[in-house]
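# Topology and contacts: notes
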Amino acid sequence: MLKIKQVSKTFYLGTPNEHQALKNIDLTINTGDFVTVIGGNGAGKSTLLNLIAGVLLPDGGQIMLDDQDVTWMPEHKRAALLGRVFQDPMRGTAGDMGIDENLALAARRGKRRGLGWGIAKSEREQYREILGKLDLGLEGRLGAKVKLLSGGQRQALTLMMATLKEPRMLLLDEHTAALDPKTGARVLALTEELISRQQLTTMMITHNMRDAIKYGNRLLMLHEGRIILDIQGEDKRRLHVEDLLHMFEKASGSQLANDRMLLS
Amino acid sequence: MFWIIQSAVSLGILWGIMSLGVYITFRVLNFADLTVDGSFTLGGAVSAVLAARGVNPLLAVLIAMVGGMMAGLTTGLLNTKLRIPGLLASILTQIALYSINLRVMGSPNIPLLRVPTIFTWLGDIGFPTRWISMGVGLVFMAGVIALMYWFFGTEIGSAIRATGDNPHMIRALGVHTDTTIILGLVMGNALVALSGGLIAQQQGYGDIGMGTGAIVIGLAAIIIGEVLFTQRNFMFRLMAVIFGSIVYRIVITLVLRFGLKSTDLKLFTAVLVALALYLPVMRSEYRQFKQRRRKINA
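Note that the coordinates shown come from a computational prediction; the quantities given were computed from them, not determined experimentally.

Secondary structure assignment for chain A yields ten helices and ten strands. Against the 2.2 N^0.38 benchmark of 18 Å for 264 residues, chain A shows a C-alpha radius of gyration of 19 Å, consistent with a compact globule. Taken along the three principal axes of its C-alpha coordinates, chain A extends 60 × 40 × 35 Å. Sorting the 264 residues of chain A into buried and exposed places 52% on the buried side.

Right, here's the structure in full:
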């Protein structure tokens, strides 16, 4: 369970560019929830995710993951609890290392690294099996360098890496935005399969309203650093894009003028 | 002629150990570390001073390595804790080391006349004189390559490689990149100082200027190795660095024999490295040019 209490984040504090990206956020996400997050550019989606991941530290407030206060915990320590996939497919994997080596690095997330082998023989067998289920043809190329893979393959691999050692929470930051629609849909289907198989508590940022409605059991909409919509359960299942647009206008008092969200 | 080339090969191996140190920072960690010029001299200074005072020469070289580690640690702390960009942090350490090296030596030059060194030891036990440098170089080289090959296959070693490849990714996987950066710099400069310590004993003196341009020589060896020997696995890439260092020494020896003034050597090396660095760019530009031509003709 994730509990965020009174969390704000200000950038460029004390300069003319001072900008409050998040304003007194209160949010509780229950274990097993799959939450999708939408909002325009600068709404604070990525800031929220980066605060949970520890890439950024908040101005104040509290972030609890299960019963652990992680508000000020550094990124590399918090990594033991979190699985993350980024928007840029290059960012989640080490291009000059093999597929197997990347998986082995991920298998050791949150563990103390010592002078044992970086990858054991028995692991390779296990990885081949896992990749075989992906059906991307990667199981035969275990030693291939990751930079030889396509963006979609890299994102699928990053997803495997994020869930290889079960995280308390999975954070997805527009992880299909850089892919072509067909590949993106495939990666999303894989995402949902992994999440439901492991019952992962998940937060997925997306700019695509249809995806936000289709996936997950709860939907948040952010606008100018606040959560303006929070829809779950039966209400979410009956939701349509038109409803979302209408609710946005009512809640924010402005038109949703973001082509990227409307057209995709 | 044979002995001239043979001695160039020996020097290439001894300097190749320094290039392996540069390989750790420059290629594995992706960190342009100019500490090298200072830590090479530091290694030579420590090794010469201790040997001249009657310390066991092998122990002197090991202590020289510890000196190199401290130099790498300094650059690492400047970079990770004070957030000074890597290039600048390492230049600061390098400049500071100039003063420190003079302090260590007490004078700009320490001769090792009639002082026992690792190299005179081997002569004393009857090792053929002309093969001593190569013998010492090969033993240390084999040890260093074996250790590097093992270490970069371990969990910590893999984390260092991943840090050089993609720091964002490895942080998200729970590695503190400050630690891995510092570790890589410490190891790289330990090897650089080891090489400096051996060279000082081999040439029979430690000198305040012996490390000047060492980083460029290290880069030359790495790039020549990469261009001439296509690399398959990690072991082969490490060997290629040594081969590159040897080729560099042979080229230097030959151009000096053909009349290049030894004072022009650094200019020559700089031009060589610049050309070698341009080579991959030139290749891809040429490929693109050919493709365009093919399209136009078709």
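The next thing to look at is the overall build of chain B. On a plain count of helices and strands, chain B comes out with twelve helices and two strands. For chain B, whose C-alpha radius of gyration is 20 Å, the value lies close to the compact-globule estimate of 19 Å for 298 residues. Each of the three principal axes of chain B carries a C-alpha extent, and together these read 75 × 50 × 35 Å. Across the 298 residues of chain B, 51% fall into the buried class. Contacts in chain B between residues at least 24 apart in sequence constitute 79% of all its contacts with a sequence separation of at least 6. As presented, chain B carries roughly 14000 Å² of accessible surface, and 67% of it is formed by carbon and sulfur atoms. Side-chain charges in chain B split into 22 positive and 10 negative, and the spacing between the mean points of these groups amounts to 8 Å.

Here we take up the interface of chain B and chain A. Taken together, the contact between chain B and chain A spans 21 residues of the former and 29 residues of the latter. With both chains or domains summed, chain B and chain A bury close to 2200 Å², and 60% of this area falls on carbon and sulfur atoms. Per-residue buried area on chain B facing chain A is highest for E155, M169 and L173 of chain B; these three make up 29% of the total on that side. Across the chain B-chain A interface, the total number found is three salt bridges. Here E75 of chain A and R171 of chain B are joined by a salt bridge, their closest N and O atoms 3.5 Å apart. If you list the elements that add at least two residues to the side of chain B that touches chain A, you get α6 (132–151), α7 (155–165) and α8 (167–172) of chain B. Here the side of chain B that touches chain A gets seven residues from one element, more than from any other, and that element is α7 of chain B. Classifying every residue of the side of chain B that touches chain A by side-chain character gives ten nonpolar, seven polar and four charged.

Let us look at the sheet that holds strand β7 (residues 169–173) of chain A. Residue and element names in this part refer to chain A. Reading across from one edge, β6-β7-β8-β3-β9-β10 is the order of the six strands in this open sheet, with mixed pairing throughout. For this open sheet the edge positions go to β6 (82–85) and β10 (226–232), each flanked by a neighbour on one side alone. Averaged over all neighbouring strand pairs, the angle between strand axes comes to 15°, with direction disregarded. Across six bridges, the pairing between strand β9 (residues 218–223) and β10 is antiparallel. Looking at the pairing, M221 lines up with L229 of β10. On top of the sheet, helix α9 (residues 241–252) reaches β3 (34–39), β9 and β10; it is set at about 140° to β10, its chief contact.

A few words now on a nonpolar patch on the surface. Together, F2, W3, I125, F127 and W131 of chain B make up a nonpolar patch on the protein surface, roughly 520 Å² of accessible area in all. Looking at where W3 of chain B falls in the secondary structure, it is placed in helix α1 (residues 2–28).

Definitions and limits used
Residues numbered from 1 in each chain as written. Chains lettered and ligands numbered in written order. Predicted model: local features only at pLDDT ≥ 70, side-chain atom pairs only at ≥ 80, totals over all residues. Heavy atoms only, no water. Helix = DSSP H or I, 4+ residues; strand = E, 2+ residues; numbered from the N terminus. Rg over C-alpha atoms; globule rule 2.2 N^0.38 Å. Buried < 20%, exposed > 50% of the residue type's maximum accessible area, 1.4 Å probe, protein only. Contact = heavy atoms within 4.5 Å. Areas by Shrake-Rupley, 256 points an atom, 1.4 Å probe, with all protein chains shown as cover. Lys, Arg positive; Asp, Glu negative; His and termini not counted. Charge placed at Lys NZ, Arg CZ, Asp CG, Glu CD. Buried area = accessible area lost by both parts, 1.4 Å probe. Salt bridge = Lys/Arg side-chain N within 4 Å of Asp/Glu carboxyl O. Nonpolar A, V, L, I, M, F, W, Y, C, P; charged D, E, K, R; others polar. Pairing = 2+ DSSP bridges. Axes fitted to C-alpha atoms, helices over the stretch in contact; angles between N-to-C directions. Patch = residues over 30% accessible without salt bridge, like charges linked within 9 Å, V, L, I, M, F, W, Y side chains within 5 Å.

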